[in-house]
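# Chain and residue survey
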Amino acid sequence: MAAKYTDAVIRSRINACPKLASLGRINQALRELVNSESSVSSQIAEIIRKDPSLTARLLRMVNSVYYGLSTSVSNIEEAIFFLGLRQIRELAMATPVIEEMSSFQSVKGRTALPWKDLWAHSIGTAILTREILRSLPITIDDDTDYLVGLLHNAGKVVMAHAFPEELAEICATEFETAADVCRREIELIGWDHGQIGAVYLERHKMSEEIVLAVRHHNTPTAAPRHQIFAAAVQVADCLVRHAGVLGGFEKIKPVELDVWHGLDGWNILYGANSPEIKLARAAIDNALPRLPQMLSGLV
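Our subject in this report is the structure included herewith. (Residues numbered from 1 in each chain as written. Predicted model: local features only at pLDDT ≥ 70, side-chain atom pairs only at ≥ 80, totals over all residues. Heavy atoms only, no water.)

### A look at the overall build of the protein
This is how it is decided: Runs of H or I in DSSP of at least four residues are treated as helices and runs of E of at least two as strands, each being numbered from the N terminus. Whether a residue is buried, partly exposed or exposed follows from its accessible area with a 1.4 Å probe, protein chains only, as a fraction of its type maximum: under 20%, in between, or over 50%, in that order. Should any heavy atoms of two residues lie within 4.5 Å, those residues are counted as being in contact. For accessible areas, the Shrake-Rupley method is used with a probe of radius 1.4 Å. Any residue's cover is judged against the shown protein chains and nothing else.
Within the protein one finds 18 helices and two strands. Sorting the 299 residues of the protein into buried and exposed places 53% on the buried side. Of the contacts formed within the protein by residues at least 6 apart in sequence, a portion of 70% connects residues at least 24 apart. Accessible surface, the protein: about 13400 Å² in total, of which carbon and sulfur atoms supply 51%.

Structure follows, in structure tokens:
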């Protein structure tokens, strides 16, 4: 069956979507301060106070069941102490992206979509992608390992603006696997959400590592470069679904235990008998049970 739209029409619709300032700066002032060895909690707290959404998310997270504190925390400096700078930096990246992309849901106002579920899945994938890549003998000096997971479903957000009718049909359909969703997207539109998201992020001048990971997160062996990032996202996405944090929009059957071992992404990351497999299993076993509680404080 021929796709409904030509490549030129698809690109035109993507280009008509709002640009997001957060993708260019991702709370630059806070990131620089958090990365500074001389930063102190009071300085970081002062910047956080200027962002009500970040403040609310920070306090919600530290008071979630995950941290099990005996008394409620209402002071930003205390929250920074309990969470640590790494968690603060992740919040600083996720919050502006979520806030801006959430504006897409009101455009055209056609189908009510479970946006909160999408963000929970995206943040969960970001957390686990970072954990997976940390189990490998590689060094990543920036936040690419978190951002590839956070943005992997950006194409679904773009579809809500550019292809609302097709997305509504996909949301109303039950699928066996994520690959089935991609096939249906290609039938209806011509591209899947990975390609749509990659073109959108490329327009924002995101790094090649991020663009290719988003483009190929369901088919990491097809990535011409930086396969390790696409592979980590594919595995993390599967793990998050297994933990009960579904993809957000489409209806896919739950992922069974250890299905991720058969993914192309797992083979790219660990091969058949890699010494890193034990580290990976330990990281997964440690992170998965805690994930839903952590996300309850983030979204």
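Still to come is the rest of the account.
### Structural notes on helix α12 (residues 178–188)
Rule in force here: Directions from the helix axis toward the C-beta atoms define the arc.
Turning to α12, its buried residues are V181, C182, E185 and L188. Buried residues along α12 cover an arc of 130 degrees about the axis, so they all sit on one side. Check the buried side of α12 and you find it contacts α10 (154–162), α11 (164–171), β1 (174–175), α13 (193–203) and β2 (251–252). Once α12 finishes, G190 follows within two positions and takes phi at roughly 120 degrees, a positive value.

### Overview of the layout of surface pockets
Stated formally: Cavities and pockets are defined on a 1 Å grid built over the protein atoms alone: a cavity is a set of grid points where a 1.4 Å probe fits but cannot escape, while a pocket is an open set with protein on both sides within 12 Å along at least five of seven lines, and lining residues are those with an atom within 4 Å of any such point. Grid points are joined across faces, edges and corners, and a volume is the space filled by probe spheres set on the points. The classification used treats Ala, Val, Leu, Ile, Met, Phe, Trp, Tyr, Cys and Pro as nonpolar, Asp, Glu, Lys and Arg as charged, and all other residues, Gly among them, as polar.
Volume-wise, the largest pocket comes out at about 290 Å³. Taken together, 16 residues make up the lining of the largest pocket; nearest its centre are T177, A178, C238, V255 and L263. Elements supplying a minimum of two residues to the lining of the largest pocket: α12 and α15 (227–242). The element best represented in the lining of the largest pocket is α15, accounting for four residues. Across the lining of the largest pocket, the residue classes tally to eight nonpolar, three polar and five charged.

### Comments concerning helix α4 (residues 41–49)
Buried within α4 are the following residues: I44, A45 and I48. For α4, the angular spread of buried residues about the axis comes to 100 degrees, placing them on one side.

### Structural notes on the side chain of H217
To keep things clear, this is the line we draw: Contacts described as polar in this section are N or O atom pairs within 3.5 Å, which, within protein, must combine one atom able to donate a hydrogen with one able to accept it, while residues neighboring in sequence count only if both atoms come from side chains.
Along the chain, H217 falls in the loop between α14 (208–215) and α15. Side chain to side chain, H217 and H193 meet in a polar contact 3.3 Å long. Each residue touching H217, except ones within four places of it in the same chain, is listed here: H152, N153, H193, G194, A230, V233 and Q234.

### Here we look at the packing of aromatic side chains
Put simply, the test is: Any two of the Phe, Tyr and Trp rings considered here, Trp counted by its six-membered ring, make a pair once their centres fall within 6.5 Å; the pair's planes then place it as stacked at under 30 degrees, edge-to-face at over 60, or tilted in between.
Using the criterion set out here, one finds two aromatic pairs in the structure. Between Y5 and F163 the ring centres are 5.2 Å apart and the planes differ by 55 degrees, which places this aromatic pair in the tilted class. One end of the pair, Y5, is in the segment before α1 (7–15); the other, F163, is in the loop between α10 and α11, and 158 residues separate them in sequence. With a relative accessible area of 14%, Y5 lands in the buried category. Judged by its relative accessible area of 0%, F163 falls in the buried class.

### A look at the packing of α13 against α14
Heads up, the condition is: Orientation is described by lines fitted to C-alpha atoms, with helices fitted over the stretch in contact, and by angles between N-to-C directions that extend from 0 to 180 degrees. Orientation is classified from the angle alone, with under 35 degrees giving roughly parallel, over 145 giving roughly antiparallel, 65 to 115 giving roughly perpendicular, and any other angle giving oblique. The hand of a helix crossing depends on one turn: near helix anticlockwise from the far one by less than a right angle means left-handed, and clockwise means right-handed.
α14 packs onto α13 with a crossing angle of 160 degrees between their chain directions and a minimal axis gap of 7 Å. Between α13 and α14, the interaxial angle falls into the category roughly antiparallel. Our pair here, α13 against α14, has a crossing hand that is right-handed. Judged by residue contacts, G194, Q195, G197, A198, L201 and E202 of α13 engage I210, V211, V214 and R215 from α14. Class assignment for the residues of the contact of α13 with α14 results in five nonpolar, three polar and two charged.

### What about the packing of α1 against α13?
Where α1 contacts α13, the two axes come as close as 10 Å, and the packing angle between them is 55 degrees. Compared by their axis directions, α1 and α13 come out oblique. In this structure, α1 crosses over α13, and the sense of that crossing is right-handed. Along the contact surface, α1 presents R11, I14 and N15, while α13 presents I196, V199, Y200 and R203. Partitioned by chemical class, the residues of the contact of α1 with α13 number four nonpolar, one polar and two charged.

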